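A structural walkthrough
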Amino acid sequence: SGRSDNTGTIKSILELRQRKAELLGYPAYADLAFADKMASKEQVHKLLSDLLSTGKPAAQKDDMELQEFAKTRFSHTEVQPWDRPFFVEKLRKDRYGIDAEALRSYFAYPKVLEG
């Protein structure tokens, strides 16, 4: 809502895309978008469905582990989206002994450019 609400703009873009597809003889914009691609709309939907069925349980498990870690180690009752990077880093360090800050010196921009 307010100045940053772009709902109307997005609605207009979607309507214009649909109109373009119809003018070019396609039933939907997705059909137009896939007309010159190697994948079909059906293949993409199947891939996304497969990813969802495989990835969602793993992501939910990871989230539960992160929530439990934050609760037991930091007495943090609920991890909010803005808390996530902090707790992910702490969990990574605790579980795997990986400290991103310690690795940073090995991947400094000038060193990376030098190879």
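As the structure is a computational prediction, the values presented were derived from the model and not from experiment.

Time to look at the overall build of the protein chain. When you go through the protein chain residue by residue, the secondary structure sums to six helices and zero strands. For the protein chain, the sequential pattern of α-helices and β-strands runs α-α-α-α-α-α. At 23 Å, the protein chain has a C-alpha radius of gyration far larger than the 13 Å of a compact globule built from 115 residues. Within the protein chain, the proportion of its 115 residues that are buried is 9%. Taking contacts inside the protein chain between residues at least 6 apart in sequence as the whole, the part at least 24 apart equals 6%. Across the protein chain, the mean location of the 19 positive side-chain charges is 2 Å away from that of the 18 negative side-chain charges.

As a further point, take helix H1 (residues 7-23). Look at H1: 24 Å from first C-alpha to last across 17 residues, which is about the 24 Å you get at 1.5 Å a residue. With its phi angle positive at about 90 degrees, Gly 25 sits one or two positions after the end of H1.

Quick look at the packing of aromatic side chains now. As enumerated under the stated definition, the model contains four aromatic pairs in all. Measuring from centroid to centroid gives 5.8 Å for Phe 69 and Phe 74, while their planes differ by 65 degrees, and the two rings are edge-to-face. Using a relative accessible area of 34% as the deciding quantity, one classes Phe 74 as partly exposed. The interplanar angle of 80 degrees and the centroid separation of 5.1 Å between the aromatic rings of Phe 86 and Phe 87 together place this pair among those described as edge-to-face. Look at Phe 86 and you get partly exposed, because its relative accessible area is 43%. Given the relative accessible area of 3%, Phe 87 is considered buried.

In this model, the protein chain carries an average pLDDT of 92, and 99% of its residues clear a pLDDT of 70 or more. For the protein chain, helix H6 (residues 109-114) is the element with the lowest average pLDDT, namely 80, and H1 is the one with the highest, namely 97.

Following both chains from N to C, one finds helix H3 (residues 41-74) and helix H4 (residues 84-96) inclined at 85 degrees, their axes separated by 10 Å at the closest point. In terms of their interaxial angle, H3 and H4 are classed as roughly perpendicular. Where H3 abuts H4, its residues Asp 63, Glu 65, Leu 66, Gln 67, Phe 69, Ala 70, Arg 73 and Phe 74 lie against Arg 84, Phe 87, Val 88, Lys 90, Leu 91, Asp 94 and Arg 95. By residue class, the composition of the contact of H3 with H4 is seven nonpolar, one polar and seven charged.

Time to look at H4. Helical geometry: 3.6 residues make up each α-helical turn, so side chains three or four residues apart lie on a common side. For H4, spanning 13 residues, the distance from its first C-alpha to its last is 17 Å, which sits close to the expected 18 Å at 1.5 Å a residue. Just downstream of H4 lies Gly 97, where phi reads positive at about 70 degrees.

Turning our attention to the nonpolar core. In terms of nonpolar packing, the biggest core is built from six residues, these being Leu 66, Phe 69, Ala 70, Val 79, Phe 87 and Leu 91. When contributions to this core are tallied by element, the ones reaching two or more residues are H3 and H4. In terms of residue count, H3 provides more of this core than any other element does, three residues in total. Ignoring sequence-local partners within four residues, the contact set of Val 79 consists of Leu 66, Gln 67, Ala 70, Arg 84 and Phe 87.

Cut-offs applied
Residues numbered from 1 in each chain as written. Predicted model: local features only at pLDDT ≥ 70, side-chain atom pairs only at ≥ 80, totals over all residues. Heavy atoms only, no water. Helix = DSSP H or I, 4+ residues; strand = E, 2+ residues; numbered from the N terminus. Rg over C-alpha atoms; globule rule 2.2 N^0.38 Å. Buried < 20%, exposed > 50% of the residue type's maximum accessible area, 1.4 Å probe, protein only. Contact = heavy atoms within 4.5 Å. Lys, Arg positive; Asp, Glu negative; His and termini not counted. Charge placed at Lys NZ, Arg CZ, Asp CG, Glu CD. Expected span 1.5 Å × (residues − 1). Phe/Tyr/Trp six-rings, centres within 6.5 Å; stacked < 30°, edge-to-face > 60°. pLDDT = per-residue confidence, 0-100. Axes fitted to C-alpha atoms, helices over the stretch in contact; angles between N-to-C directions. Parallel < 35°, antiparallel > 145°, perpendicular 65-115°, else oblique. Nonpolar A, V, L, I, M, F, W, Y, C, P; charged D, E, K, R; others polar. Core = buried A, V, L, I, M, F, W, Y, C linked by side-chain atoms within 4.5 Å.

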